[in-house]
Amino acid sequence: MNRTDFNGNLRAADEGKHVELVGWVANRRNLGSLLFIDLRDYSGIVQLVSSSPDSLPEIKNEYVIGVKGIVRKKEVPNKNLATGEIEVEITELRVINKSMPTPFIIADKSDALEETRLPYRYLDLRRPVLLNNLKTRAKIVKIWHEYLDSKGFIEVETPILNLSSPEGARDYLVPSRVHPGSFYALPQSPQLWKQLLMVGGIERYYQVAKCFRDEDLRADRQPEFTQLDLEVSFMSQDEILSLQEGFLARIFKEIVGYDVQLPLRRMKYWDAMDIYGSDKPDTRYGLTLVDITEIMKKSTFEGFAEAKYIKAIVVPNMASQTSRKNVDEVVAEGKKFKLKGVTALKYLNNTLEGSFTKFLNEEIIAELIKKLNLSDNDLVLFSSSSSRRDIDFGLGAIRTMYAKKLELIKKGTYDLLWVIDFPMFDLVDEEKGIYAAEHHPFTRPRDEDLHLLDTNPEEVLAYAYDIIINGYEAGGGTLRIYDHDTQWKIFKLLGLSDEDVERKFGWFINAFNYGAPPHGGIAFGLDRLAMILVGSDNIKDVEAFPKNLQASDPMSKAPTPVDQDQLDVLNIQVKQES
RNA sequence: GGACCAUUGGUGUAGCGGCCUAACAUGCUUCCCUGUCACGGAAGAGACCACGAGUUCGAAUCUCGUAUGGUCCGCCA
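Just so it is clear, the structure is predicted and the values come from calculations on it, not from any experiment.

Description of the overall build of chain A
Secondary structure assignment for chain A yields 14 helices and 22 strands. Dimensions along the principal axes, computed over C-alpha positions, put chain A at roughly 85 × 75 × 60 Å. Residues counted as buried form 48% of the 578 residues belonging to chain A. Contacts in chain A between residues at least 24 apart in sequence constitute 67% of all its contacts with a sequence separation of at least 6.

Okay, here's the thing in structure tokens:
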């Protein structure tokens, strides 16, 4: 069989053409002495027809077959198929390989659960939707290459076997045979290498970088994933952002036909938190957070004594249809984010209703109505906390919950923005004064905030930026510290001892003593970009062979115990479970 | 480490104390059908209702435990 065409490419213009096709039997419709076969290959599906099915060998679904035939125009086209105007009249058909009945139906509309599909991922991949997802993913990577090549960037591969530095995510470790008892770590990101490339004068580096993090999984998080990684010297933050906007505009235009308005909006971290209760806000819908601390402090409610922050969100037109059970759901969502309680008030017939109103006098109620700009049938949800972070994240989660519940987000719409001006640090232990890096410890503090490093580290903002798309953190980056002493100081603030810094990062920051250029970069999560562009909310839909939530591969069953021989060579002893 | 939800023929679901000798759809097998494209029609096979204890006269159904899976919190510098 000499394939002449791909099935999905045949059109009316091919009428009369003698073709040889191969592919999988997607479906058969047998009308007695007339047989239709949907033949699928990676380009699509074309209908085959035979008026003498008895002369053909036995054909079942998912058989691999080859056919010779003639393209014929159909009298009644099938509008659901790209090849719907034509069909191929079979003159010869050969079974190339048989198939057992598949454990689930191979079609986009397959209703099989992920649990059923993953052990047969190779069958799942035959579903056109999954194939298209992988095509989209490949297209993003192709544009990434083209775009950065056109800007003079060069691709450099960085090591997979690295020094372990368990700050941040947990490392995947790889035992060394040559050095018994010693371990490499798989890269969580190429961070240090790309910075050293800058010191090495490469100036413009990029990579499609596989990264590994041994942390628990989520619908949008896999233990191994791919970053579109980039680092550049002598560019300002604005230059880096606008460089990347060019890339984003291209992938959105070429893949989903969406014109991204440039430059993208830039939202300050604290504004995002205050208004949307998130550092990765989806701004396609409202339900914004409103600060009502001043007003509520005047209430007689004793529970507000320790509350530093009291904020509310208004859900329009939901008051009358909100039940006690609905409110309980909201309270439960708030609890996940450490909110002790969330209270509901209903604005009905120009009256604010709810048991909480007993703590409010008329003046306060009037102020609330004005501040929240209430309309009839509005539902008000509010909470209080002594922590700015808790109140924002808590109400932010409730905001997201209502957006999903009320289906406020239109499919196929996009929302891109930068969140900038992140704080350098997050105070994790107030008593001991221990800070954690909000982005990572190589992030450069803003010049105008440097003087606060010694006195008020929590107020220091950084040259850090995240690209937020539809409420997902699709990428992020920073300008980096390129000065030895500043980097040392940051490590100390993060609670590392001199010895720690020297041992873990000495080899790295020593490079800054030899003329390190100002530099910065960014990394996009390829998986998340692909996920957003194909309109999925599950990262498994855009990876060929994903792991399940237990971080195992349901098909190969990895990870598994290994033979004692293998362990002996590595000088490893596995602890017996007690 | 924690919370919640789910587990019923190959697949996806319904049934939620007795009408269950478990229903529906689809897939599979056999037969009929020359214009289907989610083809249609007829017949048939296929399930110890995840596992283990318990409650009850009686359990797919209620309770507890275990396992598996999913979603989330923690975690992801």
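Examining the environment of E473
Position of E473 relative to the elements: it lies in strand β21 (residues 472-479). Among the residues examined, E473 registers a relative accessible area of 36% and is labelled partly exposed. Sequence separation between E473 and N30 is 443 residues, and the spatial gap between their C-alpha atoms is 50 Å. Filtering out sequence-adjacent residues up to four positions away, E473 remains in contact with K280, D466, I467, I468 and R528.

Brief notes about the protein's contact with RNA strand B
Around RNA strand B, the structure places 46 residues, and the nearest of them are N30, T116, E215, A437 and H439. Near the protein, within 4 Å, the atoms of RNA strand B are sugar or phosphate in 56% of cases. Taking N78, its side chain carries an N or O atom lying 3.0 Å from a base oxygen of RNA strand B. A distance of 3.4 Å is found between a sugar or linking oxygen of RNA strand B and a backbone nitrogen or oxygen belonging to G168. Looking at the surface near RNA strand B element by element, the count peaks at 4 residues for strand β1 (residues 18-30). When the residues that make up the surface near RNA strand B are grouped by side-chain class, the tally is 15 nonpolar, 15 polar and 16 charged.

Considering the side chain of D415
Structurally, D415 is set in the loop between α10 (388-405) and β17 (416-420). Contacts of D415, omitting those with residues within four sequence positions, involve R265, P281, D282, T283, R284, I468, I469 and N470.

Description of the pattern of salt bridges
This structure, assessed with the given rule, holds 42 salt bridges. Taking the shortest distance from any N to any O, the salt bridge between D124 and R121 comes out at 2.9 Å. Of this pair, D124 and R121 both sit in helix α2 (residues 121-124), 3 residues apart, which is roughly one turn of that helix. When sorted by exposure, D124 lands in the same class as R121, which is buried. For E367, the salt bridge identified is with K298, shortest N-O distance 2.6 Å. A residue pair is termed long-range when its members are at least 10 positions apart, and E367 in helix α9 (residues 362-371) and K298 in the loop between α7 (293-296) and β13 (309-315) qualify at 69 residues. According to the relative accessible area criterion, E367 is partly exposed, its value standing at 27%. Relative accessible area serves as the criterion here: at 44%, K298 is assigned to the partly exposed category. When salt bridges with common partners are traced through the structure, they connect R117, R121, D124 and R127 into a single cluster.

Quick notes on unusual backbone geometry
Residue P263 is reached from L262 by a cis peptide bond, and omega for that bond is -5°. Here P263 lies in the loop between α5 (237-256) and β11 (265-268). Positioned with a positive phi, E62 is a non-glycine residue whose angle comes to about 70°. In this structure, E62 sits in the loop between β3 (44-50) and β4 (64-73). Despite not being glycine, K557 has its phi angle at roughly 75°, a positive value.

What about the packing of aromatic side chains?
Counted under the stated rule, the structure contains 28 aromatic pairs. Ring centres of F304 and F356 lie 5.8 Å apart, and the angle between their planes is 50°; this geometry places the pair in the tilted category. With F304 in the loop between α7 and β13 and F356 in the loop between β15 (351-353) and α9, the pair connects residues that are 52 residues apart, well separated along the chain. We classify F356 as buried; its relative accessible area is 5%. Pairing F356 with F359 gives two aromatic rings, centres 5.0 Å apart and planes at 55°, and the pair type is tilted. Cluster of aromatic residues (ring-pair linked, three or more members): W193, F442, F491, F505, W507, F508 and F512. Geometry around Y42 places K135 over its ring, the cationic atom sitting 5.2 Å from the centre.

Here's the deal with a nonpolar patch on the surface
Together, I160, L161 and Y184 make up a nonpolar patch on the protein surface, roughly 250 Å² of accessible area in all. In this fold, I160 is placed in the loop between β6 (154-155) and β7 (173-175).

Things to note about the sheet that holds β15
Spatially, β12-β13-β16-β14-β15 is the arrangement adopted by the 5 strands of the open sheet, whose pairing is antiparallel. One side of each edge strand has no neighbouring strand; the edge strands of this open sheet are β12 (289-291) and β15. For this sheet, the mean angle separating the axes of adjacent strands, direction not counted, is 30°. Across 3 bridges, the pairing between strand β14 (residues 343-348) and β15 is antiparallel. From the neighbouring strand, L348 faces β15, where its bridge partner is T351.

Regarding the nonpolar core
Ranked by size, the top nonpolar core spans 43 residues in total, and within it I140, F247, L248, I251, I469, F524 and L529 carry the most contacts. Of all the elements in the fold, those that place two or more residues in this core are α3 (128-150), β10 (224-233), α5, β17, β20 (464-469), β21, β22 (519-525) and α13 (526-534). Broken down by element, the residue count for this core peaks at 9 residues, all from α5. Those residues in contact with F524 that sit more than four places away from it in its chain are W144, T226, Q227, L228, Q244, F247, L248, I467, A474, G475 and L529. If you look at the next biggest cluster of nonpolar residues, it comprises 33 residues, including F442, V460, A464 and F505.

What to know about the packing of helix α11 (residues 484-493) against helix α12 (residues 498-509)
In the contact formed by α11 and α12, the axes pass within 11 Å of each other and the chain directions differ by 145°. Crossing handedness for the pair α11 and α12: right-handed. Of the residues in α12, those in contact with H484, Q487, W488, F491 and K492 of α11 are D498, V501, E502, F505 and I509. Tallied by class, the residues present in the contact of α11 with α12 amount to 5 nonpolar, 2 polar and 3 charged.

Quick look at the confidence of the model for chain A
On average, residues of chain A score 94 in pLDDT, and 99% of them reach the 70 mark or higher. Across the assembled chains, the prediction reports ipTM 0.92 with pTM 0.94.

Criteria and cut-off values
All chains use their own residue numbering, which begins from 1 and follows the written sequence. The naming scheme follows written order: chains are lettered A onward, ligands numbered 1 onward. Selection of residues for local features in this predicted model requires a pLDDT of at least 70, selection of side-chain atom pairs for listing and counting requires 80 or more, and totals for whole chains, interfaces and linings are taken over all residues. With hydrogens and water excluded, all non-hydrogen atoms of the structure serve as input to the side-chain values. Only DSSP runs of H or I covering at least 4 residues are called helices, and only runs of E covering at least 2 are called strands; the numbering of each starts at the N terminus. In this scheme, a residue with accessible area under 20% of its type's maximum is buried, one over 50% is exposed, and one in between is partly exposed, where area comes from a 1.4 Å probe on protein chains only. Between two residues, a contact is recorded if the distance between any of their heavy atoms is within 4.5 Å. Neighbouring residues are identified by heavy atoms, a residue being near a molecule or strand if any of them is within 4 Å of it. Pairs of N or O atoms are called polar contacts if they sit within 3.5 Å, as long as, within protein, a hydrogen donor faces a hydrogen acceptor (for residues adjacent in sequence, only side-chain-to-side-chain pairs). Basically, the charged four are Asp, Glu, Lys and Arg, the nonpolar ten are Ala, Val, Leu, Ile, Met, Phe, Trp, Tyr, Cys and Pro, and anything else, Gly included, counts as polar. The term salt bridge refers to a side-chain nitrogen of Lys or Arg lying within 4 Å of a carboxyl oxygen of Asp or Glu. Note on ring pairs: Phe, Tyr and Trp rings are taken, using the six-membered ring of Trp, and paired if centres are within 6.5 Å. Classes follow the plane angle, with under 30 degrees stacked, over 60 edge-to-face and the rest tilted. Counted as over-ring charges are cases with an Arg CZ or a Lys NZ within 6 Å of the ring centre that also lie within 35 degrees of the ring normal. Residues enter patches when their relative accessible area tops 30% and they take part in no salt bridge; the joining distance is 9 Å for like charges and 5 Å for the nonpolar side chains Val, Leu, Ile, Met, Phe, Trp and Tyr. Accessible surface area values rest on a Shrake-Rupley calculation with a 1.4 Å probe, where residue burial reflects the displayed protein chains alone. Criterion used throughout: strands pair if DSSP finds at least two bridges between them. Interaxial angles span 0 to 180 degrees and are taken between N-to-C directions of axes, which are lines fitted to C-alpha atoms, for helices over the stretch in contact. For the purposes of this section, nonpolar cores are sets of buried Ala, Val, Leu, Ile, Met, Phe, Trp, Tyr and Cys residues that join through side-chain atoms within 4.5 Å. The sense of a crossing depends on the near helix, which, turned anticlockwise from the far helix by less than a right angle, makes the crossing left-handed and, turned clockwise, makes it right-handed. Per-residue confidence from the predictor is reported as pLDDT, a score between 0 and 100.

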